[in-house]
Amino acid sequence: MIRRFMAGFMAGRYGGDQLNLFLMALYLTLYVIFLFTRLLVFEVLALALITVSIFRSLSRNLERRRAENNRFMQAVRPVVRRWNTFRARTQDREHRYFKCPNCGQKMRVPRGKGRITVHCRSCGAVFEEKS
Ligand SMILES: [Zn+2]
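What counts, and at which threshold
- Residues numbered from 1 in each chain as written.
- Predicted model: local features only at pLDDT ≥ 70, side-chain atom pairs only at ≥ 80, totals over all residues.
- Heavy atoms only, no water.
- Helix = DSSP H or I, 4+ residues; strand = E, 2+ residues; numbered from the N terminus.
- Expected span 1.5 Å × (residues − 1).
- Buried < 20%, exposed > 50% of the residue type's maximum accessible area, 1.4 Å probe, protein only.
- Arc of directions from axis to C-beta.
- Donors = N, O, S within 2.8 Å, 3.2 Å for Na, K, Ca; no water.
- Tetrahedral: all angles 85-135°; square planar, octahedral: opposite > 155°, others 65-115°.
- Pairing = 2+ DSSP bridges.
- Domains from an automatic or database assignment.
- Axes fitted to C-alpha atoms, helices over the stretch in contact; angles between N-to-C directions.
- Parallel < 35°, antiparallel > 145°, perpendicular 65-115°, else oblique.
- Left-handed = near helix turned anticlockwise from the far one by under 90°.
- Contact = heavy atoms within 4.5 Å.
- Nonpolar A, V, L, I, M, F, W, Y, C, P; charged D, E, K, R; others polar.
- Phe/Tyr/Trp six-rings, centres within 6.5 Å; stacked < 30°, edge-to-face > 60°.

Visitor: Would you mind going over helix α3 (residues 40-58) with me for this structure?
Guide: In an α-helix there are 3.6 residues to a turn, and that puts residues three or four apart on one side. Between its terminal C-alpha atoms α3 stretches 27 Å, which fits the 27 Å expected from 19 residues at 1.5 Å a residue. What α3 keeps buried is the set Ala 46, Leu 49, Ile 50, Ser 53, Arg 56 and Ser 57. Angular distribution of buried residues about the axis of α3 spans 125 degrees; they occupy a single face of the element. Facing away from the buried side of α3 by more than 90 degrees, the exposed set consists of Leu 40, Val 44, Thr 51 and Phe 55.

Structure representation (structure tokens):
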């Protein structure tokens with residue numbers, strides 16, 4: 001009954017997306033900060049964020065909401081990419097990652113081969129590195 005009502009109510013409305021998820025997470029963060037600091041500014045900001053988030057999910061202007069979300073995804077792409085690289089590297093037990101001491105080029109070598117001589121492909125520097 002309630003589920004059917006909700007389905008009817010949400011028909012033609014925008015619903016959730018990554019931007020809304022982000023706004024909600026920010027809302028929770030600010031609200032927790034408010035609980036600790038009791039500073040009104042955090043509560044007001046938190047309420048503003050949750051209001052925007054609810055407004056967006058109930059909106060019938062789907063085009064506009066999608067455009068907003070696309071801009072948001074575009075803006076966070078560098079951060080997401082950096083995070084993915086970081087995660088891949090911490091999960092990669094097969095290789096050791098480091099930078100060339102001469103030019104800063106990022107490289108990786110197989111782990112567990114002792115001290116090895118490395119040739120930088122970018123600048124040609126030769127140096128020793130633990131593996
Ligand atoms: Zn180099």
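Visitor: Would you mind going over the coordination of the zinc ion with me for this structure?
Guide: Octahedral metals with six donors have ideal donor angles of 90 or 180 degrees. Tetrahedral metals with four donors have an ideal donor angle of 109.5 degrees. Taken together, the protein donors to the zinc ion comprise Cys 100 (SG), Cys 103 (SG), Cys 120 (SG) and Cys 123 (SG), at separations of 2.3 Å. In this structure, the zinc ion is coordinated by 4 donor atoms arranged in tetrahedral fashion, with angles at the metal of 108 to 113 degrees. The class of Cys 120 is buried, set by a relative accessible area of 4%.

Visitor: Can you help me understand the pairing of strand β1 (residues 95-99) in this one?
Guide: Regular strands place their side chains on alternate faces of the sheet. Where β1 and strand β2 (residues 106-110) come together, 5 bridges link them in antiparallel fashion. Counted as the bridge partner of Lys 99 is Lys 106 from β2. In sequence, β1 turns back onto β2 through a hairpin of 6 residues, with Gly 104 there showing a positive phi of about 85 degrees.

Visitor: Honestly, the domain arrangement of the chain in this entry has me stumped. Any pointers?
Guide: Frequently, the measure chosen for interface size is the accessible area that the parts lose on association. Along its sequence, the chain is organised into domain 1 (7-91) and domain 2 (95-131). Taking only C-alpha atoms, the centre of domain 1 and the centre of domain 2 are 41 Å apart.

Visitor: Looking at this structure, I do not really get the packing of helix α2 (residues 18-37) against α3. What am I missing?
Guide: Angle between the axes and distance between the axes are the two parameters that describe a pair of packed helices. At a minimum axis distance of 8 Å, the contact between α2 and α3 shows a crossing angle of 160 degrees. The angle between α2 and α3 places the two elements in the roughly antiparallel class. For the crossing formed where α2 meets α3, the hand is left-handed. Between α2, through Leu 19, Asn 20, Leu 23, Met 24, Leu 26, Tyr 27, Leu 30, Tyr 31, Ile 33, Phe 34 and Thr 37, and α3, the contact on the second element is made entirely by Leu 40, Phe 42, Glu 43, Leu 45, Ala 46, Leu 49, Ile 50, Val 52, Ser 53, Arg 56 and Ser 57. For the contact of α2 with α3, the residue count by class is 16 nonpolar, 4 polar and 2 charged.

Visitor: Explain the packing of aromatic side chains to me, please; I cannot follow it from the model alone.
Guide: What characterises a pair of aromatic rings is the spacing of the ring centres plus the angle enclosed by the ring planes. Tallied over the entire structure, the rule returns 6 aromatic pairs. Seen from their ring centres, Phe 98 and Phe 127 are 6.1 Å apart, and the 90 degrees between their planes marks the pair as edge-to-face. Taken together, the positions of Phe 98 in strand β1 and Phe 127 in strand β4 (residues 126-130) put the pair 29 residues apart, joining distant regions of the chain. There is no split in this pair, since Phe 98 and Phe 127 are both buried. Three or more aromatic residues joined by ring pairs form one cluster here, namely Tyr 27, Tyr 31 and Phe 34.

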